[in-house]
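Spelled out from the first residue to the last, the chains are:
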Amino acid sequence: MTGILVVAEHFDGLLRDVTLEMIGAAASIKDGLGGPLTVVVIGHDAEALANAANREGVDEIVTVASPDSHFDPALYEEAVCTVAEARQARLVLIGHTAAGMAFGPAVAARLGSGFASDVFGLSLEGAEPIASRGGYGGKVAMDLAFPDKPVIVLTLRGATFKAPEEAGNASIVPFAVELDAVPGTGRHIDYLPAPPADVDIGKAEFILSVGRAVQEDKNLPQFAALAERLGATLGCSRPVADSGWLPKAHQVGQSGTIASNCSLYLALGISGAVQHLAGMKHVDTIIAVNTDPEAPIFNVADHGACVDIFELAEALEREFN
């Protein structure tokens, strides 16, 4: 088996950024692995999305028409397995997203493949793919090999790999997969959009993020005012959002938003759970403030201080005054 199959992810008629990032990751190892780089686009109007996936390094774009315009993991599982087997793919790349994790493990199980999730590094050892991901709660980085596995399925972390900027000249080929009778499919009833947000964490260049050390919601205005004075966007960890102290749009992390455009991240009272690190550990400069010197956040921070976040906020306020 040779070649790479990238499964395109899209929403509301637009290709998601993680698709182009996966193409970039695949293109970086394509020559060493051997074989073509194929992108499969599955959807009700797949051909309309194919051109957006036609980037440098892509050899072929396969379009699979689905009977419904809404995402269905069972349909994706069937389509990806069929295309992967037909193209004899050595490596299948899927986004490490809510959608990707809904069908990626099932694809790996059906293909009898090696599997790794939340991969943030992709390389070759000889002609064998090596996947890098976190382990032990994000405290170490592990390189995983897949000996004796003819197929490997990986879910790749977003905002990690560089997307190719140049357009490609891939051929676009329709591929027929019988999806009407796929068992176990769901029925889409309605789509409820997220409430309007006053922030866009994904586009923010400077984020001041607070964690459970903020203690209660009545303390948040102090840090919101500090973020405004510093010219930062106010973010938070999952416990703060789950408590309803800040809207979900402010949450940074695997189940929140990836800080994909951030260059400076100030983490106040955040322990650094692996789910939160997934949303910000790639940032160029990370400053962590936590009273616990053993907090995992310090493992990824460029600068850190073991001080109380309220004392720090008050000191900064005095400095401004």
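Residues numbered from 1 in each chain as written. Predicted model: local features only at pLDDT ≥ 70, side-chain atom pairs only at ≥ 80, totals over all residues. Heavy atoms only, no water.

1. Section: the side chain of Arg157
Within the secondary structure, Arg157 is located in the loop between strand S11 (152-156) and strand S12 (171-174). The contact partners of Arg157, leaving out residues within four places of it in the chain, are His96, Asp118, Val119, Phe120, Leu277, Ala278 and Lys281. (Helix = DSSP H or I, 4+ residues; strand = E, 2+ residues; numbered from the N terminus. Contact = heavy atoms within 4.5 Å.)

2. Here we look at the packing of aromatic side chains
Applying the stated rule across the entire model yields four aromatic pairs. Seen from their ring centres, Phe223 and Phe310 are 5.5 Å apart, and the 65 degrees between their planes marks the pair as edge-to-face. One end of the pair, Phe223, is in helix H5 (residues 220-230); the other, Phe310, is in helix H8 (residues 309-320), and 87 residues separate them in sequence. With a relative accessible area of 0%, Phe223 lands in the buried category. What links up through ring pairs into an aromatic cluster is the set Phe71, Tyr76 and Phe103. Between the NZ or CZ atom of Lys281 and the centre of the ring of Phe120, over which it lies, the distance is 5.1 Å. (Phe/Tyr/Trp six-rings, centres within 6.5 Å; stacked < 30°, edge-to-face > 60°. Buried < 20%, exposed > 50% of the residue type's maximum accessible area, 1.4 Å probe, protein only. Lys NZ or Arg CZ within 6 Å of the ring centre and 35° of its normal.)

3. Describing the packing of H5 against H8
It is the contact of H5 with H8, at a shortest axis distance of 11 Å, that shows an interaxial angle of 45 degrees. Viewed along their axes, H5 and H8 adopt a mutual orientation that is oblique. Judged by the sense of rotation from one axis to the other, the crossing of H5 with H8 is left-handed. Contact residues: Gln222, Phe223, Leu226, Arg229 and Leu230 in H5; Ile309, Phe310, Ala313, Glu314, Leu316, Glu317 and Phe320 in H8. Looking at side-chain class alone, the contact of H5 with H8 contains eight nonpolar, one polar and three charged residues. (Axes fitted to C-alpha atoms, helices over the stretch in contact; angles between N-to-C directions. Parallel < 35°, antiparallel > 145°, perpendicular 65-115°, else oblique. Left-handed = near helix turned anticlockwise from the far one by under 90°. Nonpolar A, V, L, I, M, F, W, Y, C, P; charged D, E, K, R; others polar.)

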